[in-house]
Amino acid sequence: MNCSACSSRLAAYRDGDLSRADARLVSEHLAGCSACKALDARMRRVDAALTRIVLIEPAPDFTATIMAKIAAMPSPARRRVVWPWFAAYVFATWAVVAMLSALHVLNLSAIVGRIGGFAGQAGVALETLSRLGGHFHVADVAAIAVAIEIILLAVAATAGRKYLPRLGSALLGARS
Amino acid sequence: MPGDETLVALVLKGDTQAFAPLVERHQRGVVNFIHASVRSAEDANDLSQETFMRAYAHLRTFNPDLGKFSTWLYQIARNVARTHLGKEGRRPPTEDLYEDETIEQRIPDTRRDAAPDATLIAGEDEALVRSALTQIPEKMRAALALRYFNHLEYQEIADTMQVTLGNVKTLIHRGKAALARELSVEHPTGLLGASAPQEIRGRELLSL
Ligand SMILES: [Zn+2]
């Protein structure tokens, strides 16, 4: 074993990460090479210093400072369901409609009539469509399309759940 | 005391106070991990605060299925430290050269290690190693800090740094070799005096 091979294995040698054969070659070379012996001594000084190094203590108010800052931040809690907001929106809309019709700004019966007429027309159109669909087996094609869509959504949801956190961590790193 | 992951779940349910024991538990580790990269203890404290704030703000992205909370936290700490060093532009320009080969292959200089007095040098070595740590490549420093300051297992270091187990060992070995080299440069024991480092580098280059 030459000096270059020996010096590049010294740390592994000291950590016991070398094969027995390699370790023997290193110790044999060390016995006869003062240069590598000197490097080995220096590596052991590094090892000793690393193991002995005195750790510092965090500032005494470390936790308190963080908890104070956190109090002013939005909670990372999982978002609540949006139903309450949706319900409030629907309620407010109907309240406005009721108010406007009470003031005769809106003519409710005319609106209901118009919606009814539109529904009738739509129904007729749908029946024509479904008859056409039956003729061309459009229904089958549509069913298959819907099934494919469901499968794709399921795959996306599974993959998303698995990789989103990782993506999140990556973004964390990218952010400054 | 509930485990880290349980506490995270509590915070995510809206119990903000459950974050306090997480900070208590990991502050010392994070501060010291970052202190390996920055010389000033004050900076280490500030950057650790930033680490915990980031962790809190992005707590929902922590997935316990992918690993331990501490692993995730040290990843953030590492990113915070790297961003800080990037801003300061203090990254050693020789980083890429270190990253792969050659350091350990340089032939050591025997003259500077002539009979070092162990007890006299011990305390001095710690200070030298501390300052040398900030000079070596970030990857090696992170691996060494996680090992010697945070006492993580090799596998945990691999998970945190997202490298293989073999890579971790290599980083630690090369890191120590790099430290030994910094030690020799900054610790002239007589004979050669202050102008030694340049001379030696030149000599080493010739011998490569
Ligand atoms: Zn040798």
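Observations concerning the overall build of chain A
Item 1. Along chain A, the regular secondary structure elements total 8 helices and 0 strands.
Item 2. Walking chain A from its N terminus toward its C terminus, one meets helices and strands in the order α-α-α-α-α-α-α-α.
Item 3. Relative to its full complement of 176 residues, chain A shows a buried share of 22%.
Item 4. The contacts of chain A with a sequence gap of at least 6 include a subset with a gap of at least 24, amounting to 42%.
Item 5. When the accessible surface of chain A is split by element, carbon and sulfur atoms take 69% of a total near 12,500 Å².

Digging into the overall build of chain B
Item 1. Tallying secondary structure elements over chain B gives 10 helices and 0 strands in all.
Item 2. When its helices and strands are written in sequence order, chain B yields α-α-α-α-α-α-α-α-α-α.
Item 3. Looking at chain B as a whole, 55% of its 208 residues qualify as buried.
Item 4. For chain B, contacts bridging at least 24 residues in sequence account for 66% of all contacts bridging at least 6.
Item 5. Split by element, the accessible area of chain B, about 9,200 Å² in all, is 53% carbon and sulfur.

A short note on the coordination of the zinc ion
Residue and element names in this part refer to chain A.
Item 1. Around the zinc ion, the protein contributes the donor atoms C3 (SG), H29 (NE2), C33 (SG) and C36 (SG), at 2.0 to 2.3 Å from the metal centre.
Item 2. Between the donor residues of the zinc ion, the gaps in sequence give the motif C-x25-H-x3-C-x2-C. Of the two residues, H29 and C36, both sit in the buried class.

A look at the pattern of salt bridges
Pairing is possible between side chains of opposite charge, provided their charged atoms come close.
Residues and elements named next belong to chain A.
Item 1. For the coordinates displayed, the defined rule picks out 15 salt bridges over all chains.
Item 2. R14 is the partner of D40 in a salt bridge, and the nearest nitrogen-oxygen pair spans 2.6 Å. With D40 in helix α4 (residues 34–52) and R14 in helix α2 (residues 10–14), this residue pair connects regions lying 26 residues apart in the sequence.
Item 3. For D40, a relative accessible area of 2% gives the class buried.
Item 4. Judged by relative accessible area, which is 36%, R14 ranks as partly exposed.

A few points about the environment of A180 of chain B
Item 1. Summarising the element assignment, A180 of chain B is placed in helix α9 (residues 165–186).
Item 2. Separated by 52 residues in the primary sequence, A180 of chain B and L128 of chain B place their C-alpha atoms 9.9 Å from one another.
Item 3. Sequence-distant contacts of A180 of chain B, that is, excluding residues within four places in its chain, are made with R42, M43 and V46 of chain A.

Quick look at the environment of L10 of chain B
Item 1. Examined against the element boundaries, L10 of chain B turns out to sit in helix α1 (residues 4–12).
Item 2. Not counting residues up to four positions away in its chain, the partners in contact with L10 of chain B are D15 and A18 of chain B.

Examining the nonpolar core
Item 1. Counting residues in hydrophobic clusters, the biggest one holds 78 residues, and the most contacted among them are F19, I157 and L179 of chain B.
Item 2. Aside from chain neighbours lying at most four places away, what touches F19 of chain B is I66, M67 and I70 of chain A together with V11, F52 and Y56 of chain B.

Re the packing of aromatic side chains
Describing an aromatic ring pair means giving the distance of the ring centres and the angle of the ring planes.
Residue and element names in this part refer to chain B.
Item 1. The tally for this structure, following the rule as stated, stands at 6 aromatic pairs over all chains.
Item 2. Here F62 and F69 contribute two aromatic rings whose centre-to-centre distance is 5.7 Å and whose plane-to-plane angle is 85 degrees, an arrangement assigned as edge-to-face. Here F62 matches F69 in class, with each residue buried.
Item 3. Pairwise contacts between aromatic rings join F62, F69 and W72 into one cluster.
Item 4. Over the ring of Y154 we find R147, and its NZ or CZ is 4.7 Å from the ring centre.

Concerning the packing of helix α5 (residues 62–71) of chain A against helix α3 (residues 41–57) of chain B
Helix-helix packing is described using two parameters, namely the angle between the two axes and the distance between the axes.
Item 1. Closest axis-to-axis distance for the α5 of chain A/α3 of chain B pair is 10 Å, and the angle between their directions is 40 degrees. Classified by the angle between their axes, α5 of chain A and α3 of chain B sit oblique to one another. Considering how the two elements wind past one another, α5 of chain A and α3 of chain B form a crossing that is right-handed. Where α5 of chain A approaches α3 of chain B, its residues F62, T65, I66, K69 and I70 of chain A are matched on the opposing element by N45, S48, Q49, F52, M53 and Y56 of chain B.
Item 2. Here the contact of α5 of chain A with α3 of chain B is built from residues that sort into 6 nonpolar, 4 polar and 1 charged.

Considerations on the side chain of H29 of chain A
All names here are of chain A.
Item 1. Position of H29 among the secondary structure elements: in helix α3 (residues 20–32).
Item 2. Taking relative accessible area as the criterion, H29 reaches 14% and is therefore assigned buried.
Item 3. Not counting residues up to four positions away in its chain, the partners in contact with H29 are M1, N2, C3, C6 and C36.

What about unusual backbone geometry?
Residues and elements named next belong to chain B.
Item 1. Phi is positive for H151, which is not a glycine, with a value near 55 degrees.
Item 2. Accessibility expressed as a relative area gives 58% for H151, which makes it exposed.
Item 3. Phi at Q162 takes a positive value of approximately 55 degrees, unusual for a residue other than glycine.
Item 4. You can see Q162 is positioned in the loop between α8 (154–161) and α9.

Considering the confidence of the model for chain A
Item 1. Summary statistics for chain A give a mean pLDDT of 83 and a share of 85% for residues scoring 70 or more.
Item 2. Looking across chain A, the model is least confident in helix α8 (residues 138–174) of chain A, with a mean pLDDT of 73, and most confident in α5 of chain A, with 95.

What counts, and where the lines are drawn
Numbering of residues starts from 1 in every chain and runs along the sequence as written. A letter from A marks each chain and a number from 1 marks each ligand, given out in the order of writing. Local features are withheld for residues below a pLDDT of 70 in this predicted model, meaning they are given only at 70 or higher, and side-chain atom pairs are given and counted only at 80 or more; totals for whole chains, interfaces and linings count all residues. Excluding hydrogens and water, the side-chain figures rest on all heavy atoms present in the structure. A run of H or I in DSSP becomes a helix once it reaches four residues, and a run of E becomes a strand once it reaches two; helices and strands are each numbered from the N terminus. Only protein chains enter the accessibility calculation, which uses a 1.4 Å probe; a residue is then buried when its area is under 20% of its type maximum, exposed when over 50%, and partly exposed in between. In this analysis, two residues are considered to be in contact whenever any of their non-hydrogen atoms come within 4.5 Å of each other. Every accessible area reported is derived by Shrake-Rupley at a probe size of 1.4 Å, with residue values counting cover from the shown protein chains alone. Note that water is not among the atoms used; donors are N, O and S atoms within 2.8 Å of the metal (3.2 Å for Na, K and Ca), so sites may look incomplete. When a carboxyl oxygen of Asp or Glu is within 4 Å of a side-chain nitrogen of Lys or Arg, the pair counts as a salt bridge. In these notes, a set of buried Ala, Val, Leu, Ile, Met, Phe, Trp, Tyr and Cys residues joined through side-chain atoms within 4.5 Å is what counts as a nonpolar core. Aromatic rings from Phe, Tyr and Trp, taking only the six-membered ring of Trp, are treated as a pair when their centres fall within 6.5 Å; an angle between ring planes under 30 degrees marks them as stacked, one over 60 as edge-to-face, and anything in between as tilted. A ring is considered to have a charge above it if a Lys NZ or an Arg CZ atom is located within 6 Å of its centre and within 35 degrees of its normal. With axes taken as lines fitted to C-alpha atoms, and helix axes fitted only over the stretch in contact, angles between N-to-C directions fall between 0 and 180 degrees. Roughly parallel here means an angle under 35 degrees, roughly antiparallel means over 145, roughly perpendicular means 65 to 115, and every remaining angle is called oblique. Handedness of each helix crossing follows the sense of rotation of the near helix against the far helix: counterclockwise by less than a right angle gives left-handed, clockwise gives right-handed. Amino acid classes used here: Ala, Val, Leu, Ile, Met, Phe, Trp, Tyr, Cys and Pro are nonpolar; Asp, Glu, Lys and Arg are charged; the rest, including Gly, are polar. Each residue carries a pLDDT score, the predictor's confidence in it, ranging from 0 to 100.

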